[in-house]
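Secondary and tertiary structure notes
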Amino acid sequence: MLSHISASLSHTSSTTTASFLLRRPFLRPKFLLCPYNPSKSQKRNRFVFSSMDSAATVDSVANDLKKQSLKGTENVDISSKLNLEELNWDNSFVRELPGDSRSDSIPREVLHACYTKVLPSVKVDNPQLVAWSESVAELLELDPKESERPDFPLIFSGASPLVGAMPYAQNYGGHQFGMWAGQLGDGRAITLGEILNSKSQRWELQLKGAGKTPYSRFADGLAVLRSSIREFLCSEAMHSLGIPTTRALCLVTTGKGVMRDMFYDGNPKDEPGAIVCRVAQSFLRFGSYQLHASRGKKDLEIVRALADYAIRYHFPHLENMARSESISFNTGEEDNSAVDLSSNKYAAWAVEVAERTASMIARWQGVGFTHGVMNTDNMSVLGLTIDYGPFGFLDAFDPNFTPNTTDLPGRRYCFANQPDVGLWNIAQFTSALSTADLLDDKEADYAMERYGDKFMDDYQVIMTRKLGLAKYNKKLISELLKNMAIDKVDYTNFFRLLSNIKADPTIPEDQLLIPLKAVLLDIGEERKEAWTSWVKSYIQELSTTGLSDEERKVSMNSVNPKYILRNYLCQTAIDAAEQGDFGEVRQLLKVMQCPFDEQPGMEKYARLPPAWAYRPGVCMLSCSS
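Quick notes on the rules
- Residues numbered from 1 in each chain as written.
- Predicted model: local features only at pLDDT ≥ 70, side-chain atom pairs only at ≥ 80, totals over all residues.
- Heavy atoms only, no water.
- UniProt positions renumbered as here; feature names shortened; annotations may be inferred.
- Helix = DSSP H or I, 4+ residues; strand = E, 2+ residues; numbered from the N terminus.
- Buried < 20%, exposed > 50% of the residue type's maximum accessible area, 1.4 Å probe, protein only.
- Contact = heavy atoms within 4.5 Å.
- Areas by Shrake-Rupley, 256 points an atom, 1.4 Å probe, with all protein chains shown as cover.
- Pairing = 2+ DSSP bridges.
- Phe/Tyr/Trp six-rings, centres within 6.5 Å; stacked < 30°, edge-to-face > 60°.
- Axes fitted to C-alpha atoms, helices over the stretch in contact; angles between N-to-C directions.
- Parallel < 35°, antiparallel > 145°, perpendicular 65-115°, else oblique.
- Left-handed = near helix turned anticlockwise from the far one by under 90°.
- Nonpolar A, V, L, I, M, F, W, Y, C, P; charged D, E, K, R; others polar.
- Polar contact = N/O pair within 3.5 Å; in protein donor to acceptor, adjacent residues only side chain to side chain.
- pLDDT = per-residue confidence, 0-100.
- Salt bridge = Lys/Arg side-chain N within 4 Å of Asp/Glu carboxyl O.
- Core = buried A, V, L, I, M, F, W, Y, C linked by side-chain atoms within 4.5 Å.
- Expected span 1.5 Å × (residues − 1).
- Arc of directions from axis to C-beta.

Under an unreviewed UniProt entry, the name given to the protein chain is Selenoprotein O, and the organism recorded is Nicotiana attenuata. We quote the UniProt Cofactor (unreviewed entry) comment for the protein chain here in full: "Mg(2+)". UniProt annotates the protein chain under Sequence similarities (unreviewed entry) with the comment "Belongs to the SELO family."

**Focus: the overall build of the protein chain**
When helices and strands are tallied, the protein chain shows 16 helices and 13 strands. A total of 625 residues make up the protein chain; the buried ones form 58% of that total. Taking the intrachain contacts of the protein chain between residues at least 6 apart in sequence as the baseline, contacts between residues at least 24 apart amount to 74%. Split by element, the accessible area of the protein chain, about 25300 Å² in all, is 51% carbon and sulfur.

**Side note on the pairing of strand β6 (residues 189-196)**
Of all 8 residues in β6, 7 are buried, a share of seventy percent or more. In terms of strand pairing, β6 meets strand β7 (residues 202-208) through 7 bridges, oriented antiparallel. Residue Gly 193 lies in a different strand from β7, and its bridge partner there is Leu 205.

**A few points about the packing of aromatic side chains**
Counted by the stated rule, this structure contains 28 aromatic pairs. A ring pair is formed by Phe 93 and Tyr 168, whose centres lie 5.2 Å apart and whose planes are at 5°; its orientation type is stacked. Of this pair, Phe 93 sits in helix α2 (residues 92-96) while Tyr 168 sits in strand β3 (residues 168-170); the two residues are 75 residues apart in sequence, bridging distant segments of the chain. Residue Phe 93 is classed as buried on the basis of its relative accessible area of 2%. A residue is classified by how much of its surface remains accessible, and Tyr 168, at 2% relative accessible area, is buried.

**Some remarks on the environment of Asn 400**
By the secondary structure assignment, Asn 400 is in the loop between β13 (392-393) and α9 (418-435). As for Asn 400 and Arg 412, which are separated by 12 residues in sequence, their C-alpha atoms are 9.3 Å apart.

**Digging into the environment of Ser 105**
One can find Ser 105 in the loop between α2 and β1 (115-117). On a C-alpha basis, the gap between Ser 105 and Leu 119 in space is 8.7 Å, while along the polypeptide they are 14 residues apart. In contact with Ser 105, not counting residues within four places along its chain, are Val 118, Lys 212, Thr 213 and Pro 214.

**A look at the packing of helix α5 (residues 225-240) against helix α16 (residues 583-592)**
Where α5 contacts α16, the two axes come as close as 9 Å, and the packing angle between them is 15°. In terms of orientation, α5 lies roughly parallel with respect to α16. Once α5 is placed against α16, the crossing between them reads as right-handed. For the pair formed by α5 and α16, the contact residues are Ile 229, Phe 232, Leu 233, Glu 236, Ala 237 and Ser 240 on the first element and Val 585, Leu 588, Leu 589 and Met 592 on the second. Broken down by class, the residue content of the contact of α5 with α16 amounts to 8 nonpolar, 1 polar and 1 charged.

**Topic: the side chain of Ser 282**
Within the secondary structure, Ser 282 is located in the loop between β9 (269-280) and α6 (286-293). From its side chain, Ser 282 meets the backbone nitrogen of Leu 284 in a polar contact 3.1 Å long. Ser 282 has contacts with Glu 204, His 314, Leu 382 and Leu 384, leaving out every residue within four places of it along the chain.

**Looking at the packing of helix α8 (residues 345-367) against helix α10 (residues 441-466)**
Contact geometry of α8 with α10 gives a least axis separation of 8 Å together with a crossing angle of 30°. Judged by the angle between their axes, α8 and α10 are roughly parallel. Along this stretch, α8 crosses α10, giving a crossing that reads as right-handed. By residue class, the composition of the contact of α8 with α10 is 13 nonpolar, 4 polar and 7 charged.

**A short note on the environment of Tyr 313**
Mapping Tyr 313 onto the fold places it in helix α7 (residues 297-314). Separated by 111 residues in the primary sequence, Tyr 313 and Arg 202 have C-alpha atoms spaced 8.3 Å apart. Excluding residues within four positions of it along the chain, Tyr 313 makes contact with Ser 92, Arg 95, Glu 96 and Arg 202.

**Quick notes on the confidence of the model for the protein chain**
Here the protein chain averages 87 in pLDDT, while 84% of its residues score no lower than 70. Note on residues 1-58: pLDDT is under 50 here. Beyond four places in sequence and across chains, it has 128 contacts. With pLDDT under 50 throughout, residues 65-78 is counted as low confidence; its partners more than four residues away or in other chains account for 13 contacts.

**A short note on the pattern of salt bridges**
The full count for this structure, using the stated rule, is 35 salt bridges. With its nearest N and O atoms 2.9 Å apart, the salt bridge here joins Asp 220 to Arg 260. Of this pair, Asp 220 sits in the loop between β7 and α5 while Arg 260 is found in strand β8 (residues 247-260), placing the two residues 40 residues apart along the sequence. Classification of Asp 220 by relative accessible area gives partly exposed; the value is 28%. Arg 260 gets classed as buried once you look at its relative accessible area, which sits at 13%. Here Arg 450 makes a salt bridge to Glu 355, at a shortest N to O gap of 2.6 Å.

**Looking at the nonpolar core**
Tyr 289 and Trp 349 are the most contacted members of the largest nonpolar core, which totals 135 residues. No other element matches α8, which puts 14 residues into this core. Setting aside residues no more than four positions away along its own chain, Trp 349 makes contact with Tyr 289, Ala 307, Ala 310, Ile 311, Phe 315, Leu 318, Val 381, Phe 429 and Leu 433. Counting residues in hydrophobic clusters, the runner-up holds 36 residues, among them Val 110, Ile 155, Ile 195 and Trp 203.

**Focus on α8**
An α-helix turns once every 3.6 residues. As a result, residues three or four positions apart point the same way. End to end, α8 covers 33 Å across 23 residues, agreeing with the expected 33 Å (1.5 Å per residue, within 8%). Within α8, 19 of the 23 residues are buried, leaving the element largely enclosed by the surrounding structure. Two or three places before Tyr 346, at the start of α8, stands the capping residue Asn 344, its side-chain oxygen 3.0 Å from that residue's backbone nitrogen. In the segment just after α8, Gly 368 is the residue with positive phi, at about 75°.

**Topic: the pairing of strand β4 (residues 173-176)**
Where β4 and strand β5 (residues 179-183) come together, 3 bridges link them in antiparallel fashion. Residue pairing for β5: Gly 173 is matched across the bridge by Gln 183. Adjacent in sequence and paired antiparallel, β4 and β5 are bridged by 2 residues, among which Phe 177 carries a positive phi angle near 55°.

**Here we look at helix α14 (residues 549-557)**
Every buried residue belonging to α14 is among Arg 552, Met 556 and Asn 557, and all of these are buried. All buried residues of α14 project into a common sector of 125° when viewed along the axis, lining one side. Exposed side chains of α14 directed beyond 90 degrees from the buried face belong to Glu 550 and Val 554. Tucked into the core, α14 has its buried residues touching α10, α12 (491-498) and α13 (525-542).

Right under this line is the structure:
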């Protein structure tokens, strides 16, 4: 029999590590089987209904640009670097899925549609390029010199349209902090369209902070420089750490102020506006499916259409599955029933989404990353880290750490809870697919079982490699995390220094902790004894690896980063950028692109946070941006 979840996912209070690591919560818990439709008390959104003639529709602008356009580019060699006018736009999302009949940005409920065509409307005044990612430009096969164009900041602020783009805002819903919130959608993100490179890779370009959409509700659709810097840098830092993520092509200032109440304390102030160009294969979310599943029979075909679209373009291997592949698994039920994934592509897809999500979160845990807002509208069906708001990397190890001030009362999204929340979110996703009759209960349960297996498998491999061990040692790792939590040890620096331990059982006891001296600060004799005991056990385990100390050090340093994007480093770059100095943003980007390298001269970026780093607005942030 599959095991049940033994505790509420939103109230884990582990003092060492996630409760998920101590059990396998596979089967859909009873509280996930309640009717999908939200109660009236959960419908927090209010929509304003009115009409307005658009000054220019998206279609007319796109068509005009195409008419201007690609004269002389028909024979372009797409293996060479391209200029912006030569990008190969496909726009399959708009072409193949149902859209809104209106193209205005009046806040409203948008029914029976996956998107609304809407143009960027942000006001700019001499926009400037803050930073850009050459590695993302390579994905698009974009010539690096394009960033030097005088009109580049205008184009990527949305003030000047791109040839071939067909902008739209996506319609989706989601659970926020466990409560169904109804329609949410892209309230300040506008997708320009999809680009196909010469390898037929599909990349969606999206401007975050480009102005109002029908999904903006009561907000202005804009973004400020501080949050945009954080999103730009973290997108690229996570990629360099080997974690699946959306990317960021560039960051530009708008030259206009944006009013924000950073702490929601009634003291708003004017902040510099900015826009990030985000890049991903797709920005489809769990909530993209949830919204239409919640709206009754008429929208259930949209759930199927969205599933077909995702499989066709992003999981094509599932389209051509044959029964001969025998992708069949026993469910563990007493009747020996099986789930045959080759007979239902949607079940196979749900399982792969679950596994990708589990693998992503296991990697988060490995580097000490805390997302901060794991709402279902912030969960990618491609298993990408998406929507960087109040994120944070662990400094002092605290399983209950949350970087989100809004999350403080219940710490639903704290570091230790992330694996369990990932499962809860998968349950909501599979519930939406089940509502549309794409999955049966056993298939949905199996997807969650696979989430549990995949998370534990990947987490164990990650932790084994972090410690340089030959095999997973649960007792040794659990004791380590317990010690780290008690002494608030810096997560990143500890694992980096751990590679300096020698696998030599003859080292005198009073010298065992010398390699860890820089992170074991201000501990008393009792705690020194605890750590000495652990190091002895660790050295004993190392003796079984068959690796030399030098080989093990190289291996451990390849998975334990020296540099992570600590919040105080972001704040230093933000402070300078708000004064017009973008040098620190660019330097941080450079450092974070090589997180596992020693980088002589850059050691200051690996230092422990200074005292000021723990003030509000640095170590913890709200969702305000």
